[in-house]
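Secondary and tertiary structure notes
In case you want the letters, here they are:
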Amino acid sequence: MADYYLHPIAGNNANSGSQLSPKQYYDSALRTLMAAGDRLFFHRGYDNPIVQSAAAQYLAPRAGTAALPVYYGAWGTGQTRQATVYKANAYDNMIFNAGGTQGRYTVWEDILFDGRGEVANSIYMGTQGANQCSDITLRRCAATHMTGSGFSMSTESSATGASPTNIVLEDCEAYANAVHGIFLQGYNNRILRPVCYGNGLTGPTGGHGVSLGATKTDLAASGWTIVGAGPIYSRTVTAGHTDAVFAMRVDGYSTRLTQYTGATPNTSTPANQFAISGTTLYVNLNGANPNSYTSTYAWKRTYGNLVLHGRMFANRWNRAVIYHEGHGLAADDWADSNFFIGNRVYENEGLGLSNNRGASNCWYGNVVNDNWLPGIAVNPADGVRIVNNTFSGNNSGEGASAYTAPVYFNASCANAVISNNVIDCLSRDTYGINVDPADSGHGGANNLIFGAATPTRSGTFTGTDLRDPEPYLDEDDSLPATIPIGGIPMPNPLRNAGTYVQGVTLRNGRTQPGMTPIGAYQVGRY
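Residues numbered from 1 in each chain as written. Predicted model: local features only at pLDDT ≥ 70, side-chain atom pairs only at ≥ 80, totals over all residues. Heavy atoms only, no water.

Moving on: the pattern of salt bridges. Under the criterion given, the structure shown has 16 salt bridges. In this structure, Arg140 and Asp110 form a salt bridge, with 2.7 Å as the shortest nitrogen-oxygen distance. With Arg140 in the loop between strand S10 (134–139) and strand S11 (142–144) and Asp110 in the loop between strand S7 (106–109) and strand S8 (111–114), this pair connects stretches of sequence that are 30 residues apart. Given the relative accessible area of 24%, Arg140 is considered partly exposed. Between Lys300 and Asp243 there is a salt bridge; the shortest N-O distance is 3.6 Å. Here Lys300, found in the loop between strand S26 (295–299) and strand S27 (306–308), pairs with Asp243, found in the loop between strand S21 (232–236) and strand S22 (246–249); they are 57 residues apart in sequence, far enough to count as distant. Residue class for Asp243 comes out partly exposed when judged on its relative accessible area of 31%. Through salt bridges with shared partners, a single network forms among Arg81, Glu109, Asp110, Arg139, Arg140, Glu170, Asp171 and Arg193. (Salt bridge = Lys/Arg side-chain N within 4 Å of Asp/Glu carboxyl O. Helix = DSSP H or I, 4+ residues; strand = E, 2+ residues; numbered from the N terminus. Buried < 20%, exposed > 50% of the residue type's maximum accessible area, 1.4 Å probe, protein only.)

Structure (structure tokens):
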């Protein structure tokens, strides 16, 4: 195992790479020298170039093994802990290509990736062909001025391998990127204590602080073949898309198509369902012809991911795109069964939290305040959990007039649980919780809803508290353990205003037995 030190001014690539005789920059020749277990150090206080020849299509890191990961870090003195890395010659759209197996078993610490408005990705982490991207850890890294997203984990449209997994981002920062701060497609990944701000201003379809989404394919209004006399239609899809999990006719907020898994999809797919058999996709639009509509289907689920104790703020709305974006934290495009716990989401130019089409996502213990649009909006999705959050001062900016509540459900949702939340409304809010009366199964208990003309529009809600929460919240809208009453610290009357069946409390990231406070309790203090 060897260590290689870089110094962009005093180094020379003919040197040995020791601290006393550093190399100058990382290139394909240095990559060839490295092996599993090696370490590479960029120098703090300087801009470290990544140098690529035109002949080398992509410059990849050297992958390691489970027992011997390859380490990329920082050394020397500088004004910050991080060493800055940039692409010296932009022959491609990334600083490092860690796609497929090329970056597997690598650890990155204390590196600032500066895109300089010239490259799309800091480290490209994507499944390519049959090669799954996995087992990458980034700690205390930052990404800025990318023309795409700061950190991106994705699955290429032609991929047949599994989506990215076991990627960990700890204490990473993403700011002033054109699209998202962090973008994730994959399963069982962890984003811990991220800080994302100022992203999304120039993204071609907008952007968010953190965005999760399933891999999806948009289909034109053509190419469907009627099966027999109908109303089932079919089309061939790419081999890698045979694990399609959701489909939707794009017609406003149309009802999402659920999946039929019976043995005879060509004859038995029910109305408003889809089926996949081999490489054939079947849909039944209840008599409608899919050649008259654009449509979308999602494949390679994005599920089981965790976003914990982050801060997402001041993310931007690109007014040139069709939708109002700029959300703080988004489960977008059918991302389902993910966990968003203990995040501070504030002053974004879109929604605080967005749950767009993905089922069974869990939003626990977040503080969401002063966002331009609602604290959370749910588009066609079932089984969403919104528990122990504090929503305060949302629907406060441009575009808010389109919404009637800080907790807002569009039509065609079902079976949401909305419990133990503090929902502090503004005077413009008609409801605290807006649930479409045509939908079914929504309900919850022990929400504090203050300031709305009508606390809940529909659904089954019990134990609603109507008191003003403002005296019980601290300066960041969390619930402190104690508040001064007559100059004496006293237990906060709201902290145990609600109960939750699992009987645990989220306090500074630790679980403790006992009653769960209503609202978010001292969230994100780390």
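Take the pairing of strand S5 (residues 83–87) next. The element S5 is extensively covered by neighbouring structure, given that five of its five residues are classed as buried. Residue alternation in S5 divides its side chains into two sets, Ala83, Val85 and Lys87 and Thr84 and Tyr86, and both sets are buried. Pairing between strand S3 (residues 47–50) and S5: four bridges, direction parallel. Within the sheet, the bridge partner assigned to Pro49 lies in S5 and is Tyr86. Pairing analysis gives three bridges linking S5 to S8, with the strands arranged parallel. Across the sheet, residue Thr84 finds its bridge partner in S8, namely Leu112. (Pairing = 2+ DSSP bridges.)

Burial within strand S9 (residues 121–127) is extensive, with seven of its seven residues counted as buried. In terms of strand pairing, strand S6 (residues 94–97) meets S9 through three bridges, oriented parallel. The residue of S9 that forms the bridge with Asn97 is Tyr124. Examined bridge by bridge, S9 and strand S12 (residues 151–155) share four bridges and lie parallel to one another. What sits directly across from Met125, in S12, is Met153.

It is worth spelling out the sheet that holds S21 at this point. Across a sheet, strands are paired by hydrogen bonds formed along the backbone, either parallel or antiparallel in direction. Pairing is mixed across the open sheet formed by five strands, whose spatial order is S20-S21-S25-S24-S23. Looking at strand neighbours, the two that pair on one side only are strand S20 (225–226) and strand S23 (258–259), the edges of this open sheet.

A few words on empty space enclosed by the protein. Tallied over the full model, the rule gives one cavity of 30 Å³ or more. Taken as a whole, the largest cavity holds about 70 Å³ of empty space. If you list the elements that add at least two residues to the lining of the largest cavity, you get S22, strand S25 (280–284) and S26. Residue composition of the lining of the largest cavity, by class: ten nonpolar, two polar and one charged. (1 Å grid on protein atoms, 1.4 Å probe; cavity = no way out; pocket = protein on both sides within 12 Å on 5 of 7 lines; lining within 4 Å. Points joined across faces, edges and corners; volume = space filled by probe spheres on them. Nonpolar A, V, L, I, M, F, W, Y, C, P; charged D, E, K, R; others polar.)

Reading across from one edge, S3-S5-S8-S11-S14-S17-S28-S31-S34-S37-S40-S43 is the order of the twelve strands in this open sheet, with parallel pairing throughout. Edge positions in the sheet fall to S3 and strand S43 (448–450), since each has one partner strand and no second. The mean inter-strand angle of the sheet, taken between neighbouring strand axes irrespective of direction, is 10°. One ladder, built from three bridges, connects S8 with S11; its direction is parallel. Paired with Asp114 across the strands is Thr144, a residue of S11. (Axes fitted to C-alpha atoms, helices over the stretch in contact; angles between N-to-C directions.)

In this model, the protein carries a mean pLDDT of 89, and residues with pLDDT of at least 70 account for 91%. Across residues 497–515, where pLDDT falls below 50, the model places 40 contacts with residues more than four positions away in sequence or in other chains. (pLDDT = per-residue confidence, 0-100. Contact = heavy atoms within 4.5 Å.)

Time to look at the environment of Ser440. In this structure, Ser440 sits in the loop between strand S41 (431–434) and strand S42 (443–445). Discounting residues that sit within four places of it in the chain, Ser440 has contacts with Cys413, Ala414 and Asn415.

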